[in-house]
Each structure stands twice: as C-alpha cells, then as structure tokens.
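Examining the three-dimensional arrangement
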Amino acid sequence: MTLKSKVILPLLCVLMFGCDNSRIFEKYQGMDTGSWNIADTVSFDLPKISDSHKTIVGIKYNGDYEFRNLYLTYLLKDSLNQIIETQLLEIPLFDNKSGKPFGSGFGNTFTKYDTLPLLTSDPYSKIQLLQYMRMDEIIGIEAVGVKIVK
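Bear in mind the structure is a predicted one, so any value in this text is a computation, not a measurement.

**Notes on the sheet that holds strand β9 (residues 126–131)**
Sheet architecture is open: 4 strands sit in the order β3-β9-β5-β6, paired in antiparallel fashion. Strand pairing shows two members of the sheet lacking a second neighbour, β3 (42–45) and β6 (83–92), which therefore form its edges. Taking each pair of neighbouring strands and ignoring which way they run, the sheet shows an average axis angle of 20°. The sheet contact formed by strand β5 (residues 69–77) and β6 spans 9 bridges and is antiparallel.

**Here we look at the environment of N62**
Along the polypeptide, N62 turns up in strand β4 (residues 54–62). Classification of N62 as buried rests on a relative accessible area of 9%. Sequence separation between N62 and F110 is 48 residues; the distance between their C-alpha atoms is 6.0 Å. If sequence neighbours within four positions are ignored, N62 has contacts with F94, N108, T109, G140 and E142. At 2.8 Å, the side chain of N62 forms a polar contact with the side chain of E142.

**Some details on the confidence of the model for the chain**
Residues of the chain with pLDDT of at least 70 account for 85%, and the chain-wide mean is 86. Across residues 2–18, where pLDDT falls below 50, the model places 4 contacts with residues more than four positions away in sequence or in other chains.

**A short note on the nonpolar core**
Within the largest apolar cluster, 30 residues are counted, with the highest numbers of intra-cluster contacts made by W36, I59, L70, L93, L129, I141 and V144. Elements represented by at least two residues in this core include exactly β3, β4, β5, β6, β9 and β11 (141–149). Residue contacts for L93: discarding those within four places in its chain leaves I59, Y61, Y65, R68, N69, L70, K100, P101, F102, K112 and I141.

**Topic: the sheet that holds strand β7 (residues 104–106)**
Pairing in this open sheet of 5 strands is antiparallel, and the strands run β1-β11-β4-β8-β7 from one edge to the other. The open sheet terminates on both sides in strands that have one partner only, identified here as β1 (23–30) and β7. For this sheet the average axis-to-axis angle between neighbouring strands, irrespective of direction, equals 15°. As defined by bridge partners, β7 adjoins strand β8 (residues 109–115) across 3 bridges and the pair is classed as antiparallel. Bridging across to β8, S104 finds its partner in T111.

Calculation rules
Residues numbered from 1 in each chain as written. Predicted model: local features only at pLDDT ≥ 70, side-chain atom pairs only at ≥ 80, totals over all residues. Heavy atoms only, no water. Pairing = 2+ DSSP bridges. Helix = DSSP H or I, 4+ residues; strand = E, 2+ residues; numbered from the N terminus. Axes fitted to C-alpha atoms, helices over the stretch in contact; angles between N-to-C directions. Buried < 20%, exposed > 50% of the residue type's maximum accessible area, 1.4 Å probe, protein only. Contact = heavy atoms within 4.5 Å. Polar contact = N/O pair within 3.5 Å; in protein donor to acceptor, adjacent residues only side chain to side chain. pLDDT = per-residue confidence, 0-100. Core = buried A, V, L, I, M, F, W, Y, C linked by side-chain atoms within 4.5 Å.

Here is the structure:
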C-alpha cells in the first residue's frame, strides 16, 4: 500500500461515515460559569421545518452535578413568539443505585441525550429550555443543546 493510499483511504472513510444526512439542526449553548442559573433561558431559533422529525435535547454535564436527575421545562414558540407547547421533563443523569453517569463521555464530562415528547404537530420556530430544579444555581451543567433529526 502506497503512502498516498494510506492517507486517502482513511480520509474517504471519515467523509463517508462522518456525514449525517438525517440531522436538520444541532446547536449547543455553553454555560460560561459551569452552572445553570434559574433565570437563564437557553434559546434556539430553528430553521423552517416542514416534515416530521424527532427533537432531542442534549445535556453536557460533569461529576460536580449534585443530583441524579435534571428537571427542565421546554417551551415551543411559533413565528409570532407565542407559546404553543410547554412541558416539564425529568432527565436522569446518574443511575440511582450505582451512581454511574448515563450518556457518553470520558473523564469527568458526559453527554446525555433524551427525546422531547412533543405533543403538537403545529410548526414551531423556537425552543427555549429552563432548569427547574428549584435552586437558584445548579453546578455541573456545562452545556445544553437541541438536535432535530428526520
């Protein structure tokens, strides 16, 4: 095998398998302080979506997070900024018995994905997320994101 083919073959594999045609939107917002204040709303403006899709929330957290789960509220808004759906969710981050983190990651940082159980079929153009842990500040949340796939 020549040097040229040793370089090109892995590059082609990365290009072929690295592209995700099912992803419509994916964006994360980092928490600058490593914590999520109760007054902080994480907001995502979405592209126009016309067909059925799956909406996923991603939570990037670390071992400093003190609880086994995260309660958050999501709000879906239409193009006029009117709320069309809101719901409180519980997302488990650590196993209740073993204390092991859910999701994928390495070291002290993990990412847990969970599907948003949307009830509406109305078009929406914004998703807002708020922490609902009944504490002013929750430590250990590094970023929150939204991913929309076909």
